[in-house]
Amino acid sequence: IFFRGAPATCVRDAIFGASYASLRRKPQTTDNNKEEDYVDDDTSSFLRNMFAAAVGTTLSSPINYVRNMQFRTSRKVKAPTFIPVLKQLVSAVRDHSDRLLPRLHY
């Protein structure tokens, strides 16, 4: 049962890792903007890391949902695959969006 969600875990971690690693880098310098002009203090580094983590989590969360659905399935039943679970997720979000959005507004 441990390996049941392994492919989804690998895909989720690859999506998160790629987005996090690419977004947390400091901006590239140009000829007009010398590297010594750019101050990389703790606050800007923290904010870049927070932004990168938020984007990575958002992008990888649908795959984490697939993983959770695969793990919750009984060993006696074949685990669901990516596409049907993602279609079900999109359908559920679409069906509940009219009830969710009013709750988000003040």
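Residues numbered from 1 in each chain as written. Predicted model: local features only at pLDDT ≥ 70, side-chain atom pairs only at ≥ 80, totals over all residues. Heavy atoms only, no water.

From N to C terminus, the protein chain includes three helices and zero strands. Element order for the protein chain, N to C, with α for helix and β for strand: α-α-α. The contacts of the protein chain with a sequence gap of at least 6 include a subset with a gap of at least 24, amounting to 65%. Summed over all atoms, the accessible surface of the protein chain reaches about 8400 Å², with 60% contributed by carbon and sulfur. (Helix = DSSP H or I, 4+ residues; strand = E, 2+ residues; numbered from the N terminus. Contact = heavy atoms within 4.5 Å. Areas by Shrake-Rupley, 256 points an atom, 1.4 Å probe, with all protein chains shown as cover.)

The subject of this paragraph is the side chain of Ser 19. On the secondary structure map, Ser 19 appears in helix α1 (residues 6–23). Its relative accessible area of 10% is what places Ser 19 among the buried residues. At a separation of 2.9 Å, a polar atom in the side chain of Ser 19 contacts the main-chain carbonyl oxygen of Ile 15. (Buried < 20%, exposed > 50% of the residue type's maximum accessible area, 1.4 Å probe, protein only. Polar contact = N/O pair within 3.5 Å; in protein donor to acceptor, adjacent residues only side chain to side chain.)

Attention now goes to the pattern of salt bridges. Summed over the entire model, instances satisfying the criterion amount to one salt bridge. As a salt-bridge pair, Asp 13 and Arg 12 come within 3.0 Å of each other at their nearest N and O atoms. (Salt bridge = Lys/Arg side-chain N within 4 Å of Asp/Glu carboxyl O.)

Between its first and last C-alpha, α1 extends 26 Å over 18 residues, near the 26 Å set by a 1.5 Å rise per residue. When we look at burial in α1, the residues that qualify are Ala 8, Thr 9, Arg 12 and Ser 19. The arc that holds the buried residues of α1, viewed along the axis, is 120°, so those residues lie on one side. (Expected span 1.5 Å × (residues − 1). Arc of directions from axis to C-beta.)

Along the chain, the position of Ala 18 falls in helix α1. What makes Ala 18 partly exposed here is its relative accessible area of 47%.

Following both chains from N to C, one finds α1 and helix α2 (residues 42–72) inclined at 170°, their axes separated by 8 Å at the closest point. When the axes of α1 and α2 are compared, the pair comes out roughly antiparallel. Grouping the constituent residues of the contact of α1 with α2 by class yields 13 nonpolar, eight polar and three charged. (Axes fitted to C-alpha atoms, helices over the stretch in contact; angles between N-to-C directions. Parallel < 35°, antiparallel > 145°, perpendicular 65-115°, else oblique. Nonpolar A, V, L, I, M, F, W, Y, C, P; charged D, E, K, R; others polar.)

Tallied over the full model, the rule gives one aromatic pair. Here Phe 16 and Tyr 20 contribute two aromatic rings whose centre-to-centre distance is 5.6 Å and whose plane-to-plane angle is 10°, an arrangement assigned as stacked. Of this pair, Phe 16 and Tyr 20 both sit in helix α1, four residues apart, roughly one helical turn. A relative accessible area of 29% means that Phe 16 is categorised as partly exposed. Judged by relative accessible area, Tyr 20 falls into the partly exposed class, the value being 24%. (Phe/Tyr/Trp six-rings, centres within 6.5 Å; stacked < 30°, edge-to-face > 60°.)

This brings us to the confidence of the model for the protein chain. The predicted model of the protein chain has a mean per-residue pLDDT of 84, with 80% of residues at 70 or higher. Taken element by element, the predicted model of the protein chain shows its lowest mean pLDDT in helix α3 (residues 82–104) (79) and its highest in α1 (95). (pLDDT = per-residue confidence, 0-100.)

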